[in-house]
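# Structural characterization, general
Listed below are the residues making up each chain.
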Amino acid sequence: MNILLIGSGAREHAIARAVNRSPQPTMLYCIATSKNPGIQSLCTGYSIDDINDPLAIVKYSKSCRIDLAIIGPESPLAAGAADTLWDNGVPCVGPKQKMAQIETSKAFTRNLLAKYNVPGGPHYRFFNSLDGVQDYLKELGDLYVVKYDGLMGGKGVKVAGDHLHSHAEATQYCRELADAGKSFVIEEKLIGEEFSLMSFSDGKNLAHMPVVQDHKRAFEGDTGPNTGGMGSYSDADHSLPFLKSSDIEAARAINLATINALEDEFGQGYKGILYGGFIATKDGVKLIEYNARFGDPEGLNVLAILKSDFVAICQAIINGNLNQNMAEFSRRATVCKYAVPAGYPDLPVKNQRIDISKIKNPDQLYLAAVNQRKDGLYETGSRTAAVVGIAPTLAEAEVMAQEEVGRIAGPVFHRKDIGTAQLVKRRIDHMKRLLGD
Ligand code: AMP
Ligand code: GLY
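Read on for an overview of the structure. The model shown is predicted, which means the values in this text are computed figures rather than measured ones. (Residues numbered from 1 in each chain as written. Chains lettered and ligands numbered in written order. Predicted model: local features only at pLDDT ≥ 70, side-chain atom pairs only at ≥ 80, totals over all residues. Heavy atoms only, no water.)

### Quick look at the sheet that holds strand 21 (residues 370–373)
Each strand in a sheet pairs with its neighbour through backbone hydrogen bonds, running either in the same direction (parallel) or in the opposite one (antiparallel). What counts here: In this scheme, strands are said to pair when DSSP sees at least two bridges between them. Secondary structure counts use DSSP, requiring at least four H or I residues in a row for a helix and at least two E residues in a row for a strand, with both numbered from the N terminus. Note on definitions: angles span 0 to 180 degrees between N-to-C directions of axes, and those axes are lines fitted to C-alpha atoms, for helices only across the stretch in contact.
The sheet built from three strands is open, its strands ordered 19-22-21 with antiparallel pairing. Unpaired on one side and paired on the other, strand 19 (352–354) and strand 21 mark the two borders of the sheet. Within the sheet, the average angular offset between the axes of one strand and its neighbour, ignoring direction, is 45°. Two elements, strand 21 and strand 22 (residues 376–379), share four bridges in a ladder whose sense is antiparallel. Each residue of the ladder has a partner; that of Arg373, found in strand 22, is Gly376.

### Some points on the site of ligand 1
Our working definition: Proximity is defined per residue: any heavy atom of the residue falling within 4 Å of a molecule or strand makes that residue near it. Here a polar contact is recorded for every N or O atom pair within 3.5 Å, except that within protein the pair must consist of a potential hydrogen donor and a potential acceptor, and residues adjacent in sequence are included only if both atoms are side-chain atoms. Only the protein chains shown count as covering a residue, and every accessible area follows the Shrake-Rupley method with a 1.4 Å probe.
Surrounding ligand 1, one finds 13 residues, the nearest of these being Glu187, Glu188, Leu190, Glu194 and Glu289. Here an oxygen atom of ligand 1 and a side-chain polar atom of Lys106 are 3.1 Å apart. Within the contact set of ligand 1, a nitrogen atom lies 3.0 Å away from a side-chain nitrogen or oxygen of Lys147. For ligand 1, whose accessible area on its own is 470 Å², the fraction buried by protein is 91%.

### Section: the site of ligand 2
Stated formally: Asp, Glu, Lys and Arg are counted as charged, while Ala, Val, Leu, Ile, Met, Phe, Trp, Tyr, Cys and Pro are counted as nonpolar; the rest, among them Gly, fall into the polar class.
Around ligand 2, the neighbouring residues are Asp214, Gly228, Tyr275, Asn291, Arg293, Gly295, Asp296, Pro297 and Glu298. Between Arg293 and ligand 2, the recorded distance is 2.8 Å, taken from a side-chain N or O atom to an oxygen atom. Within the contact set of ligand 2, an oxygen atom lies 2.9 Å away from a backbone nitrogen or oxygen of Asp296. Considered class by class, the residues forming the shell around ligand 2 number two nonpolar, three polar and four charged.

### Some points on unusual backbone geometry
Condition: Only protein chains enter the accessibility calculation, which uses a 1.4 Å probe; a residue is then buried when its area is under 20% of its type maximum, exposed when over 50%, and partly exposed in between.
Residue Pro297 is bonded to the preceding Asp296 through a cis peptide linkage, with omega at 25°. Take Pro297: it is sitting in the loop between strand 17 (284–291) and helix 11 (298–304). That bond from Tyr344 to Pro345 is cis: its omega, 0°, falls within 30 degrees of zero. Looking at the element boundaries, Pro345 is found in the loop between strand 18 (333–341) and strand 19. Phi is positive for Asp222, close to 55°, though the residue is something other than glycine. With respect to the helices and strands, the residue Asp222 is situated in the loop between strand 13 (217–219) and strand 14 (223–226). Using a relative accessible area of 21% as the deciding quantity, one classes Asp222 as partly exposed. Located in the positive-phi region is His238, a residue other than glycine, with phi close to 65°.

### A look at the pattern of salt bridges
In plain terms, the rule: Salt bridges are identified by distance alone: a Lys or Arg side-chain nitrogen within 4 Å of an Asp or Glu carboxyl oxygen.
Summed over the entire model, instances satisfying the criterion amount to 23 salt bridges. Here Glu187 makes a salt bridge to Lys147, at a shortest N to O gap of 2.9 Å. Of the two residues, Glu187 sits in strand 9 (residues 184–188) while Lys147 sits in strand 7 (residues 144–148), which places them 40 residues apart along the sequence. Relative accessible area serves as the criterion here: at 5%, Lys147 is assigned to the buried category. The shortest N-O distance in the salt bridge between Lys307 and Glu328 comes to 3.3 Å. Of the two residues, Lys307 sits in the loop between helix 11 and helix 12 (310–319) while Glu328 sits in the loop between helix 12 and strand 18, which places them 21 residues apart along the sequence. Classification of Lys307 by relative accessible area gives exposed; the value is 52%. Take Glu328: its relative accessible area is 43%, and that puts it in the partly exposed class. Salt bridges sharing partners connect three or more residues here, namely Glu193, Asp222, Arg415, Asp417, Arg426 and Arg427.

This is the structure in structure tokens:
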């Protein structure tokens, strides 16, 4: 079977490894914007091209006689790569453009969930001018979030208390968006602990993955600017230390209700990975956002412990016969830490050489924004490389990840606190305070 992977970050490196572990005979091809040597070493063919051009993807796919395509990042989904692949007879893991709006449009998602009575949505309102903004901010008081209604790499969301410190500042951001002709959503700010629940979807049936907690802020103690995610952890029991099993059940039910809503709305199923960004609050589990793909880094945590045949899961997604038993995960804790360029995310150094020769477990090193040149590996400005520690307990997995990430030499830094007992305890205490325990 010839499989095409679209994208070349750490998430796609994890997907490539999962394909490679399949007992089925497969040949992997990759189309990407840069040369990731980690992925390339697992591939029969590798093409550097514009992955946001569906026709370029189809052209490469035809030349390699691809049987199945897997789309890693959101931008090709937003560009309609899945539609064009299906139209050309290539089955695809990754939703079609209309359904990928679950990630690409905040207003689409909030309206869909409201229309189909999917629980977990905060109060929200949609705007494309300043009309009514003042009144709605007044109604929400100090608890508001302003979100640009499109893809902005996580930078379009501004949260009261973190990025916005008054209604005047919030209005100014709304004005910038409105003046640029951009629509936006203002919604209630939810207080709690965030977690990600990713589910494989064949359009009707879901197979859920273990829940994971990401760390969006750049610096230790959850300070500094937002990033794509500095690291993440999952626990051996497939829950998280601050969650109850009823929280996971609630999140699973919301993902399933959303898949049903999408099928009702479009008359066809969502085939791919549905990533729910949830928050456990004093009033139960709420939905912050959806993504239409594996999380990066969360995908690394779960794929690293996937025991089942990933290719068989992809086939079931295509064929519509997915079930939970097809996605079995080891009962082990995982901690993922990213090394990122010095100065990331605001002023990252670029084109600097890194040295990964001291890494002890190369199988759990995932290359991301790097470029292989003749004289070595260069960081390109976004997150550089991730490592995953896998162990019976979180504490052991954290030590493994911490020691390993420190072996990546060059102008990089990482968050030492991710997965540590101290930070996990803060999460547990926060949740206890909210619940009044
Ligand atoms: P999003 O792009 O929607 O995931 O938003 C990025 C980040 O902003 C989330 O991971 C949250 O930390 C924060 N955020 C977004 N919406 C809300 C909300 N309604 N309440 C609290 N925090 C939010
Ligand atoms: N880890 C956040 C994301 O993948 O969007």
